[in-house]
Amino acid sequence: MRTKILKFGMPLMAFLLAIVFAFATEKGVSVEDTALITGYIQNPGSCDPAPKNCSFQDTDVVCTYNGKAVHRNFPCTPLFLYERMQ
């Protein structure tokens, strides 16, 4: 009798726990979306680091430093960073 309960009960408990944990998990926000990024500004003849923390999240407000738009990557391509909204 005991082995019959174990043979049927253990897989049933594992299945029920899998269902519970599937519904208990939450979809988290990507770290890349919320991370603060130091970008680059375009200066005549160079692309210099801007000591300002900006975000990848599109807030419709382009991040600026000294009146210049902050770019995402070193060669100052037209990919911009955005102001962090709290």
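Looking at helix α1 (residues 2–24)
- Here α1 contains 23 residues, and its C-alpha end-to-end distance of 31 Å stays within 8% of the 33 Å for a straight helix at 1.5 Å per residue.
- Residue Gly 9 marks the point of greatest curvature in α1, where the axis turns by about 25°; the proline Pro 11 follows within four residues.
- Counted residue by residue, α1 has one buried out of 23 residues, so it is predominantly exposed.

Regarding the pairing of strand β1 (residues 36–43)
- Side chains Ile 37, Gly 39, Ile 41 and Asn 43 project from β1 onto a buried face, and the interleaved Leu 36, Thr 38, Tyr 40 and Gln 42 project onto a face without burial.
- Pairing of β1 with strand β2 (residues 46–55) involves seven bridges; the strand directions are antiparallel. Bridged to Gln 42 within β2 is Cys 47.
- Counting the residues that bridge the hairpin from β1 to β2 gives two residues, and of these Gly 45 lies at a positive phi of roughly 85°.
- Strand direction decides the pairing type here: β1 and strand β4 (residues 68–71), joined by two bridges, are antiparallel. Each bridged residue has a counterpart across the sheet, and for Ile 41 the counterpart in β4 is Val 70.

Structural notes on a nonpolar patch on the surface
- Together, Phe 8, Leu 12, Met 13, Phe 15, Leu 16, Ile 19 and Phe 23 give the surface a local cluster of nonpolar side chains, amounting to about 780 Å² of exposed area.
- Inspection of the secondary structure assignment puts Phe 23 in helix α1.

Observations concerning the sheet that holds β2
- One open sheet accounts for four strands, arranged β2-β1-β4-β3; its pairing is antiparallel. Each edge of the sheet is formed by a strand with only one pairing partner; in this case those strands are β2 and β3 (64–65).

A closer look at the pattern of salt bridges
- This structure, assessed with the given rule, holds one salt bridge.
- Glu 83 is paired through a salt bridge with Lys 52; the nearest N and O atoms lie 2.9 Å apart. Of this pair, Glu 83 sits in the segment after β4 while Lys 52 sits in strand β2, placing them 31 residues apart in sequence.

Cut-offs used in this document
Residues numbered from 1 in each chain as written. Predicted model: local features only at pLDDT ≥ 70, side-chain atom pairs only at ≥ 80, totals over all residues. Heavy atoms only, no water. Helix = DSSP H or I, 4+ residues; strand = E, 2+ residues; numbered from the N terminus. Expected span 1.5 Å × (residues − 1). Bend = angle between axes of the 7 residues up to and from the residue. Buried < 20%, exposed > 50% of the residue type's maximum accessible area, 1.4 Å probe, protein only. Pairing = 2+ DSSP bridges. Patch = residues over 30% accessible without salt bridge, like charges linked within 9 Å, V, L, I, M, F, W, Y side chains within 5 Å. Areas by Shrake-Rupley, 256 points an atom, 1.4 Å probe, with all protein chains shown as cover. Salt bridge = Lys/Arg side-chain N within 4 Å of Asp/Glu carboxyl O.

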